[in-house]
Amino acid sequence: MWFSRQKSVLGVDIGTSDIKIVQINQDSKTLETYGIVNLPVPITTKITTDELASIIELLRNLVEKARVTTKSCVVSLPNSAVFTSIIDLPQMSDKELDSAVRFEAKKYVPLPPSDIYLSWTMISQNQANKTLKILIIAVPKQIRDLYVKIFEQAGLELQAIEIEALSLIRTLVSDLSKNDVIIDIGGKVTGINFVKEGLLHLTRNLNIGGDTITEKIAQALNLDVHRAQQFKHDFGLTGTEFLPEAVKPVLSSIKEEIKQLANLYKSHNVNIDRLVFTGGGSQMPGLVEYFNDLEIATAMGDTLVNISYPQEATEVLKRFGPQLSVAVGLALREV
C-alpha cells in the first residue's frame, strides 16, 4: 500500500479464475493498493459449503496481504451470471414505468419473478417519438445472496453490486461521442459489450477465454499448461508459425461475434468506432492486430488512464493492468 486516505473504496472483481481487488481514493483518484489471487472454483449455485468457505478465506487473506485500509467495497457480478436486456417503452410516469418494466422483464428473463432481484435504469429518451430506452438487469437471488454472504463473512461492507460491463465502461470509455465494443477476454469467458456514446446497449458472452487459448497451445505443441501459458505470453501470434493455427478457432469465434454485432448495428445506421480489448486473456502479442481486418480501429484498453499511481509501480501495473479493469471501475463507482 502506498497511500492512506479517508474516502477510499475497494473494488472486488470475482471472476471465473481469479479474485482481483483495487483500492482507490475517490477524492484524489489515487490507486492505494491492489491484489490478485487465483480462484479454486467459480461461484455458482452448485458451489459446496467447503468451497464457499475457501473463497471467503482467500478474500480475507488477499485483503490482509494487500493492506487494504477500508471496509467499504463494491463488487461485480459476472455478465454470465445475470440477465440484461435493453427495451423501448413509451414515456409514462415513474410509477407506471416501474410496473411496465417488471411486466416486460418476464419476456426476457427465464426465471420466475420470485427468484430474481430486478433493477432497471433509463439510459436515454427520444423526445421526438416520446420513447424511453431502459436497461434491465435481473440477478438470480441465489447468486446475489451468495455474494452477500461472502462479503459479510469476509468482514467487508458491501455498498453496491453491479455488472462487469458497467465497470468496464467507467474504466475504459472516455470519449462519449463514440461507439465502442469492449472485448473482455477473461480466463474462461469472453464478454463482448457494445457501448453507444458511453451507454451500455448490449452484452454477449462466449464460453471461451485465455484458458481456452492456453489449452489449444498445450495440445498443439504437446506442452504442459504452465509451459503453454509462457509460450502464449512470449510469442503470441507473432513469434512462431505454430501458435496462430492453434489459437485461430478461439479468436475466430470472437471475431465472428464482433462481425455479427457490427452488421446488426450497421443495419440500424449505427457504426462501431473502436474495438477495445481488456482482460488477462488479451495480453498476447499480436492479438489486437489480428482483428485489424474488421476495418475498425482497435486498441488495448488503458486501465490506468483515469487514476494516479506511484511511478515505481508503472512496470508491474502495465503487466497486470488489463486484469484489473473491472476492479478499477468498481472502485471508481460513487457510493
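Residues numbered from 1 in each chain as written. Predicted model: local features only at pLDDT ≥ 70, side-chain atom pairs only at ≥ 80, totals over all residues. Heavy atoms only, no water.

1. Side note on the overall build of the chain
A tally of helices and strands in the chain yields ten helices and 13 strands. With respect to the principal axes defined by its C-alpha atoms, the chain has extents near 60 × 50 × 40 Å. Burial status across the chain gives 50% buried among its 335 residues. Put simply, 65% of the contacts in the chain that link residues at least 6 apart link residues at least 24 apart. Counting every atom, the chain has about 16,200 Å² of accessible surface; 48% of that belongs to carbon and sulfur. Positive and negative charge centroids in the chain, built from 34 and 39 side chains respectively, lie 3 Å apart. (Helix = DSSP H or I, 4+ residues; strand = E, 2+ residues; numbered from the N terminus. Buried < 20%, exposed > 50% of the residue type's maximum accessible area, 1.4 Å probe, protein only. Contact = heavy atoms within 4.5 Å. Areas by Shrake-Rupley, 256 points an atom, 1.4 Å probe, with all protein chains shown as cover. Lys, Arg positive; Asp, Glu negative; His and termini not counted. Charge placed at Lys NZ, Arg CZ, Asp CG, Glu CD.)

2. Concerning the packing of aromatic side chains
Counted according to the given criterion, the structure contains four aromatic pairs. Aromatic side chains Phe194 and Tyr265 sit 4.0 Å apart centroid to centroid with 35 degrees between the ring planes, which places their arrangement in the tilted category. Pair noted here: Phe194 is in strand E10 (residues 190–196) and Tyr265 is in helix H7 (residues 242–266), with a separation of 71 residues, a long-range link. Accessibility assignment for this pair places Phe194 and Tyr265 in one class, buried. (Phe/Tyr/Trp six-rings, centres within 6.5 Å; stacked < 30°, edge-to-face > 60°.)

3. Description of the side chain of Glu164
Relative to the helices and strands, Glu164 is located in helix H4 (residues 164–172). No salt bridge is formed by the buried Glu164; the nearest opposite charge belongs to Lys20, separated by 6.7 Å. Glu164 has contacts with Asp13, Ser76, Leu77, Pro78, Asn79, Asp184 and Val326, leaving out every residue within four places of it along the chain. (Salt bridge = Lys/Arg side-chain N within 4 Å of Asp/Glu carboxyl O.)

4. Structural notes on unusual backbone geometry
Positive phi outside glycine occurs at Asn222, with the angle close to 55 degrees. As for its placement among the helices and strands, Asn222 is situated in the loop between helix H5 (210–221) and helix H6 (225–235). The exposure class of Asn222 is exposed, given its relative accessible area of 71%. Within the chain, Glu295 stands out as a residue other than glycine whose phi angle is a positive 60 degrees. Position of Glu295 among the secondary structure elements: in the loop between helix H8 (287–290) and strand E13 (297–300). According to the relative accessible area criterion, Glu295 is exposed, its value standing at 75%.

5. Quick notes on the confidence of the model for the chain
Any region with low pLDDT has predicted coordinates that should not be read closely. Confidence in the prediction for the chain averages 90 pLDDT; 96% of positions are at 70 or higher. This model gives residues 1–5 a pLDDT under 50, and the stretch forms 19 contacts once residues within four places in sequence are excluded. (pLDDT = per-residue confidence, 0-100.)

6. A few points about the sheet that holds strand E1 (residues 8–14)
Across the sheet, five strands lie side by side as E3-E2-E1-E4-E8; this open sheet has mixed pairing. Strand pairing shows two members of the sheet lacking a second neighbour, strand E3 (30–38) and strand E8 (157–163), which therefore form its edges. Sheet twist, expressed as the mean angle between neighbouring strand axes with direction ignored, is 20 degrees. Contacting E1, strand E4 (72–77) and E8, helix H3 (residues 141–153) crosses the sheet at an angle of about 150 degrees to E4. Against the sheet, H4 contacts E1, E4 and E8, and its axis sits at roughly 90 degrees relative to E8. (Pairing = 2+ DSSP bridges. Axes fitted to C-alpha atoms, helices over the stretch in contact; angles between N-to-C directions.)

7. Re the pattern of salt bridges
For the structure on display, the rule yields twelve salt bridges. Measuring nitrogen to oxygen at the nearest pair gives 4.0 Å for the salt bridge that ties Glu334 to Lys7. Here Lys7 lies in the segment before E1 and Glu334 lies in the segment after helix H10 (325–331), a separation of 327 residues in the sequence. With a relative accessible area of 38%, Lys7 lands in the partly exposed category.

8. A closer look at the packing of helix H1 (residues 49–65) against H3
Look at H1 against H3: their axes get within 9 Å of each other, and the N-to-C directions meet at 50 degrees. Classified by the angle their axes make, H1 and H3 are oblique. Judged by the sense of rotation from one axis to the other, the crossing of H1 with H3 is right-handed. Two secondary-structure elements touch here, H1 through Leu52, Ile55, Ile56, Leu59 and Arg60 and H3 through Leu146, Lys149, Ile150, Phe151 and Gln153. Here the residues of the contact of H1 with H3 sort into seven nonpolar, one polar and two charged. (Parallel < 35°, antiparallel > 145°, perpendicular 65-115°, else oblique. Left-handed = near helix turned anticlockwise from the far one by under 90°. Nonpolar A, V, L, I, M, F, W, Y, C, P; charged D, E, K, R; others polar.)

9. With respect to the environment of Leu172
Looking at the element boundaries, Leu172 is found in helix H4. When the C-alpha positions of Leu172 and Asn306 are compared, they lie 8.5 Å apart, and in sequence the two are 134 residues distant. Excluding anything up to four places from it in sequence, Leu172 contacts Ile182, Arg274, Val276, Thr278, Gly301, Asp302, Thr303 and Ser325.

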